[in-house]
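Working through the structure, step by step
In case you want the letters, here they are:
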Amino acid sequence: MAGQSGGGAAGAGERSVFSGFSQDDSSAKELRFPSPSHVRRIITERQARSKFFDAELFADPAWDMLLDLTAAHGEGVRVSVTSLCIASGVPPTTALRWVRQMTENGLFERIDDPSDKRRAFISLSAKSRDPMSRYFALIEAPLVAAA
């Protein structure tokens, strides 16, 4: 895809951005992607904290972007760079640095808009969808067991 940045495996001296699960874990069962409504609820809950505490205490733009893109993936919608910057909850220049870093690390894919060269869309890369699925499977497991 035009403008798409791919991530490679971590080389000598590089730290992998993934931990906990190997992507070639053949013992792992097929994982479903989380429900977009579940992810959106988590986003809303995270944003509610700013009603009680200074929002800067909880600034985590990378995670907020991952959550927004996870929900968008499940909804089948495209996310513009501008929209993702807003979802990050930090100033635009900070958000753009995070978008660039996450793209360079292979977590995001940047897709240029062929009909408007000024606009680009960001999506989860194939490399980040599996860890996000595994994360949600991990945090939902206790909920399922308790039900």
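Let me sum up the structure you'll find in this document. One numbering rule holds for all chains: residues counted from 1, following each sequence as written. Thresholds applied to this predicted model are a pLDDT of at least 70 for local features of residues and 80 or more for the giving and counting of side-chain atom pairs; totals over whole chains, interfaces and linings are not thresholded and use all residues. Working from all heavy atoms in the structure, the side-chain values ignore hydrogens and water.

Some points on the packing of aromatic side chains
Each aromatic ring pair is characterised by the separation of its centres together with the angle its planes make. In this analysis, rings of Phe, Tyr and Trp, with Trp reduced to its six-membered ring, are considered paired at centre separations within 6.5 Å, and the interplanar angle assigns stacked below 30 degrees, edge-to-face beyond 60, and tilted for intermediate values. By the definition in use, this model includes 3 aromatic pairs. With 5.0 Å between their ring centres and 80 degrees between their planes, W63 and Y135 make a pair best called edge-to-face. Highlighted residues: W63 in helix α2 (residues 61-75) and Y135 in helix α5 (residues 126-146), separated in sequence by 72 residues. Considering the side-chain rings of Y135 and F136, the 5.2 Å spacing of their centres and the 85 degrees angle between planes classify their relative orientation as edge-to-face. When its relative accessible area of 1% is taken as the criterion, F136 is described as buried. Here the aromatic residues W63, Y135 and F136 are joined through ring pairs into a cluster of three or more. The ring of F121 has R78 sitting right over it, with the charged end atom 3.8 Å from the ring centre. The way it works is that DSSP assigns letters per residue, a run of H or I at least four long becomes a helix, a run of E at least two long becomes a strand, and they are numbered from the N terminus. The buried label applies to any residue whose accessible area, calculated with a 1.4 Å probe on protein chains only, is under 20% of its type's maximum; exposed applies above 50%, and partly exposed to all values in between. Working rule: Lys NZ or Arg CZ, within 6 Å of ring centre, within 35 degrees of ring normal, means a charge sits over the ring.

Some thoughts on the packing of helix α1 (residues 36-48) against α2
Axis lines are fitted through C-alpha atoms, for helices just across the contact stretch, and the angle between N-to-C directions can take any value from 0 to 180 degrees. Axis separation between α1 and α2 bottoms out at 8 Å; the angle between their running directions is 155 degrees. Classified by the angle their axes make, α1 and α2 are roughly antiparallel. The two elements α1 and α2 meet at a crossing, and its hand is left-handed. Contacts from P36, V39, R40, I42, I43 and R46 in α1 reach W63, D64, L67, D68, T70, A71, A72, G74 and E75 in α2. If an angle is under 35 degrees, it is roughly parallel; if it is over 145, roughly antiparallel; if it lies from 65 to 115, roughly perpendicular; otherwise it is oblique. The crossing is said to be left-handed when, going from far helix to near helix, the turn is anticlockwise and less than a right angle, and right-handed when the turn is clockwise. In this analysis, two residues are considered to be in contact whenever any of their non-hydrogen atoms come within 4.5 Å of each other.

Some remarks on α1
Its 13 residues give α1 an end-to-end C-alpha distance of 18 Å, which sits within 8% of 18 Å, the value for a rise of 1.5 Å per residue. For α1, the full list of buried residues reads H38, V39, I42, I43 and R46. Axial view of α1: buried residues confined to an arc of 140 degrees, hence all on one face. Projecting away from the buried face of α1 at angles above 90 degrees are the exposed residues S37 and T44. Between the first and last residue of a helix there are one fewer steps than residues, each counted as 1.5 Å, and that sum is the expected span. Note that the arc is defined by the directions from the helix axis to the C-beta atoms.

Some remarks on the sheet that holds strand β1 (residues 79-80)
In spatial order, the strands read β1-β3-β2; together these 3 strands make up an open sheet with antiparallel pairing. Unpaired on one side and paired on the other, β1 and β2 (108-112) mark the two borders of the sheet. Only when DSSP finds a minimum of two bridges between them are two strands counted as paired. Where β1 lies against strand β3 (residues 120-124), 2 bridges are found, and the strand directions are antiparallel. The residue of β3 that forms the bridge with S80 is F121.

Points about α2
Between its first and last C-alpha atoms α2 spans 21 Å; for 15 residues at 1.5 Å apiece the expected length is 21 Å, and the two agree. Most of α2 is tucked away: 11 of the 15 residues are buried. Residues P61, A62, D64, M65, L66, L67, D68, L69, T70, A71 and A72 constitute the buried set of α2. Taken from the residues just after α2, G76 is the one with a positive phi, measuring 70 degrees.

Focus: the pattern of salt bridges
Just to be clear on terms, a salt bridge is a Lys or Arg side-chain nitrogen sitting within 4 Å of an Asp or Glu carboxyl oxygen. According to the stated counting rule, one finds 8 salt bridges in the structure shown. Residues R110 and D112 are paired through a salt bridge, measuring 3.9 Å at the closest nitrogen-oxygen approach. The class of R110 is partly exposed, set by a relative accessible area of 34%. In this structure D112 comes out as partly exposed when scored by relative accessible area, which is 34%. Ionic pairing is found between R119 and D113, a salt bridge with its closest N-O pair at 2.6 Å.

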